[in-house]
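# Working through the structure, step by step
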Protein chains: 2
Amino acid sequence: MREAYHEQLEELADQLAGMCGMAGTAMELATRALLESDLALAEQVIGDDSKIDDARASCEEHAYALLALQAPVATDLRSVLAAIHAAESLERMGDLALHIAKAARRRHPEPVLPEQVKGYFAQMGKLALELARKAQQAIETQDVALAKQLEDDDDEMDDLHRHLFTVIMDRDWPHGVAAAVDVTLLGRFYERFADHSVSVAKRVVFIKTGQLPGTETHDDV
Amino acid sequence: MREAYHEQLEELADQLAGMCGMAGTAMELATRALLESDLALAEQVIGDDSKIDDARASCEEHAYALLALQAPVATDLRSVLAAIHAAESLERMGDLALHIAKAARRRHPEPVLPEQVKGYFAQMGKLALELARKAQQAIETQDVALAKQLEDDDDEMDDLHRHLFTVIMDRDWPHGVAAAVDVTLLGRFYERFADHSVSVAKRVVFIKTGQLPGTETHDDV
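Quick notes on the rules
- Residues numbered from 1 in each chain as written.
- Chains lettered and ligands numbered in written order.
- Predicted model: local features only at pLDDT ≥ 70, side-chain atom pairs only at ≥ 80, totals over all residues.
- Heavy atoms only, no water.
- Contact = heavy atoms within 4.5 Å.
- Salt bridge = Lys/Arg side-chain N within 4 Å of Asp/Glu carboxyl O.
- Polar contact = N/O pair within 3.5 Å; in protein donor to acceptor, adjacent residues only side chain to side chain.
- Helix = DSSP H or I, 4+ residues; strand = E, 2+ residues; numbered from the N terminus.
- Least-squares fit on C-alpha atoms with pLDDT ≥ 70 in both.
- UniProt positions renumbered as here; feature names shortened; annotations may be inferred.
- Buried < 20%, exposed > 50% of the residue type's maximum accessible area, 1.4 Å probe, protein only.
- Axes fitted to C-alpha atoms, helices over the stretch in contact; angles between N-to-C directions.
- Parallel < 35°, antiparallel > 145°, perpendicular 65-115°, else oblique.
- Left-handed = near helix turned anticlockwise from the far one by under 90°.
- Nonpolar A, V, L, I, M, F, W, Y, C, P; charged D, E, K, R; others polar.
- Core = buried A, V, L, I, M, F, W, Y, C linked by side-chain atoms within 4.5 Å.
- Phe/Tyr/Trp six-rings, centres within 6.5 Å; stacked < 30°, edge-to-face > 60°.
- Patch = residues over 30% accessible without salt bridge, like charges linked within 9 Å, V, L, I, M, F, W, Y side chains within 5 Å.
- Areas by Shrake-Rupley, 256 points an atom, 1.4 Å probe, with all protein chains shown as cover.
- Lys, Arg positive; Asp, Glu negative; His and termini not counted.
- Charge placed at Lys NZ, Arg CZ, Asp CG, Glu CD.
- Expected span 1.5 Å × (residues − 1).

## A word on the interface of chain A and chain B
Interfaces are often sized by the amount of accessible area the parts lose when they come together. Contact residues are listed per partner, giving 46 residues for chain A and 46 residues for chain B. At the boundary of chain A and chain B, one finds two salt bridges. Connecting chain A to chain B are six residue pairs in polar contact (both at pLDDT 80 or more). For the side of chain A that touches chain B, the elements supplying multiple residues, two or more each, are helix H2 (39–70), helix H3 (74–107), helix H5 (144–169) and helix H6 (176–209) of chain A. Considering every element that reaches the side of chain A that touches chain B, the biggest residue donor is H3 of chain A, with 14 residues.

## Regarding the relation of the copies chain A and chain B
Its rotation angle being 180 degrees, the transformation that places chain A on chain B also includes 0.0 Å of axial translation and leaves an RMSD of 0.0 Å. Between the two chains, the operation in question is that of a two-fold axis. In this assembly the copies share their binding face: 100% of the residues contributing to the interface of chain A also contribute to that of chain B.

## Quick word on the UniProt feature "domain: PhoU" (unreviewed entry) in chain A
Residue and element names in this part refer to chain A. With numbering aligned to this structure, UniProt lists the feature "domain: PhoU" (unreviewed entry) at residues 18–103 and 122–204. Secondary structure over residues 18–103 splits into 94% helix and 0% strand, and the C-alpha atoms at its two ends are 26 Å apart. Summarising residues 122–204: 90% helix, 0% strand, and an end-to-end C-alpha distance of 28 Å.

## Quick notes on unusual backbone geometry
Residue and element names in this part refer to chain A. Histidine 108 connects to proline 109 through a cis peptide bond whose omega is 5 degrees. By secondary structure assignment, the location of proline 109 is in the loop between H3 and helix H4 (115–141). With phi around 40 degrees, alanine 71 is a residue other than glycine that occupies positive phi space. Looking at where alanine 71 falls in the secondary structure, it is placed in the loop between H2 and H3. Looking at alanine 71, the relative accessible area reads 34%, which means it is partly exposed.

## A closer look at the packing of H3 of chain A against helix H2 (residues 39–70) of chain B
H2 of chain B packs onto H3 of chain A with a crossing angle of 130 degrees between their chain directions and a minimal axis gap of 11 Å. As judged from the angle between their axes, H3 of chain A and H2 of chain B are oblique. At the point where H3 of chain A passes H2 of chain B, the crossing takes the right-handed sense. Taken together, the residues of H2 of chain B that come into contact with H3 of chain A (itself represented by Leu77, Arg78, Leu81 and His85 of chain A) are Arg56, Glu60, Glu61, Tyr64, Leu67 and Ala68 of chain B. Along the lines of polarity and charge, the residues of the contact of H3 of chain A with H2 of chain B split into five nonpolar, one polar and four charged.

## Some thoughts on the nonpolar core
Residues Phe121 of chain A together with Phe121 of chain B are the most contacted members of the largest nonpolar core, which totals 160 residues. Once you skip the residues sitting within four places of it in the chain, phenylalanine 121 of chain A turns out to touch Thr31, Leu34, Leu35, Leu113, Leu164, Val183, Leu186, Gly187 and Tyr190 of chain A.

## A few points about the packing of H3 of chain A against helix H3 (residues 74–107) of chain B
Where H3 of chain A contacts H3 of chain B, the axes come no closer than 12 Å and their chain directions differ by 50 degrees. Overall, the two elements H3 of chain A and H3 of chain B adopt an arrangement that is oblique. Crossing hand, H3 of chain A versus H3 of chain B: right-handed. Taking contact as the criterion, the partners of Leu81, Ile84, His85 and Glu88 of chain A in H3 of chain A are, on H3 of chain B, Leu81, Ile84, His85 and Glu88 of chain B. Taken together, the residues of the contact of H3 of chain A with H3 of chain B break down into four nonpolar, two polar and two charged.

## Regarding the packing of aromatic side chains
Residues and elements named next belong to chain A. Considering all chains together, one arrives at two aromatic pairs over all chains under this definition. Here the aromatic rings of phenylalanine 121 and tyrosine 190 are separated by 5.6 Å at their centres, their planes lie at 70 degrees, and the arrangement is edge-to-face. Of the two residues, phenylalanine 121 is situated in helix H4 and tyrosine 190 in helix H6; the sequence distance between them amounts to 69 residues. Across the pair, exposure class does not vary: phenylalanine 121 and tyrosine 190 are buried alike.

## A short note on a negative patch on the surface
Where like charges cluster on the molecular surface, the negative patch consists of Glu3, Glu7, Glu10, Glu11, Asp14 and Glu140 of chain A. Among the elements that line the negative patch, the one with the most residues is helix H1 (residues 2–36) of chain A, at five residues.

## Some thoughts on helix H4 (residues 115–141) of chain B
In this model H4 of chain B runs 39 Å from its N-terminal to its C-terminal C-alpha over 27 residues, within 8% of the 39 Å that 1.5 Å per residue would give. Two residues or fewer after H4 of chain B comes glutamine 142 of chain B, characterised by a positive phi angle close to 55 degrees.

## Thoughts on the pattern of salt bridges
Here the structure, examined in full by the defined rule, presents 28 salt bridges over all chains. The salt bridge involving glutamate 60 of chain B is made with arginine 56 of chain B; its shortest N-O contact spans 2.9 Å. Of the two residues, glutamate 60 of chain B and arginine 56 of chain B both sit in helix H2, four residues apart, roughly one turn of that helix. Relative accessible area serves as the criterion here: at 5%, glutamate 60 of chain B is assigned to the buried category. Judged by its relative accessible area of 9%, arginine 56 of chain B falls in the buried class. Through salt bridges with shared partners, a single ionic network connects Arg56, Glu60, Glu88 and Glu91 of chain A.

Below is the structure:
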């Protein structure tokens, strides 16, 4: 039974890693749709979001089955619950990419972003993709050091997000209120995506070390 | 064992109901801090947030213990997992109230909100409190009809949120970009709070009916 359990837990980890891949790709495409006002890419992200939702439902079902059939205890139990939490964060990451794609579609053929801030979003998009990829690797390798690296990347995202705010809030912002509102929300979507990636990685660390993630609040603006 | 299990499940429901109360109170005070630029209230919300975080950790520990000791299956298992999900949403609701309180503190003694939009926030705050209170009642009474009512309240919140956007986006918005950015983020915090309340209520419905909540995305802006 222990062996069956560990096989099933590995399958669950594979599903989570797959979800990381999907969330990362969604974010990559959504960022391109945003920067290049590419409607086809935006539609692709919007159409594909249900696949991430389905993957989450499938992860949950798998985890439920594992709990019901194997009745794991102690660290094993916590591992399964960590996977359920991680799946929830990953679905949310998909939703955030979806919001970005929808913003690109809503303003099409007009660009959502003033040229002045495109560089920030290019960097935030790159960082978001890296975070999703590292979370995927952390799940695949159970590498605790890698999982902890994500917090540094998240700090970098927070810095970008803060700088972006100083640009919007500058008295000389010439693009008006509507553009500022779009940029504010879009910035927040990237920042939340990064937070959820860290949360996924922390759950991975937990599976390995048994150390519960803190309850600190990350998304202050 | 079944009896012990059901007693423990009731205790877990009591903990969740208590968290609803805490999140509702946090939102009520944060809204007053925001509308009245009341620093003491803002500080109270900020100081009390760790209690909601602790309550969530305690709920999770309780749920883990229940799973480990009782190894519930089928609907019972799903009930415990629903409680874990609900606790996560409730902690997040506390975080959102915290963000609102922090915004009030950051701008103090200046008001964060232009007079023009205070009415929207007064209504959103009232609705958010009602949502938290109804989620609490739904948990306490396991009243499925009540749980479903929350979706109507959430629609009302979405309407308010949409109207608020039309006000900010109006060419004649006279309060500048910085105020628009504040109002944008604050509006989103209320809207997210409402979504999480619905999510808590849906989990309650699930415990009663065994019907899994949908995976639809609520927080489009």
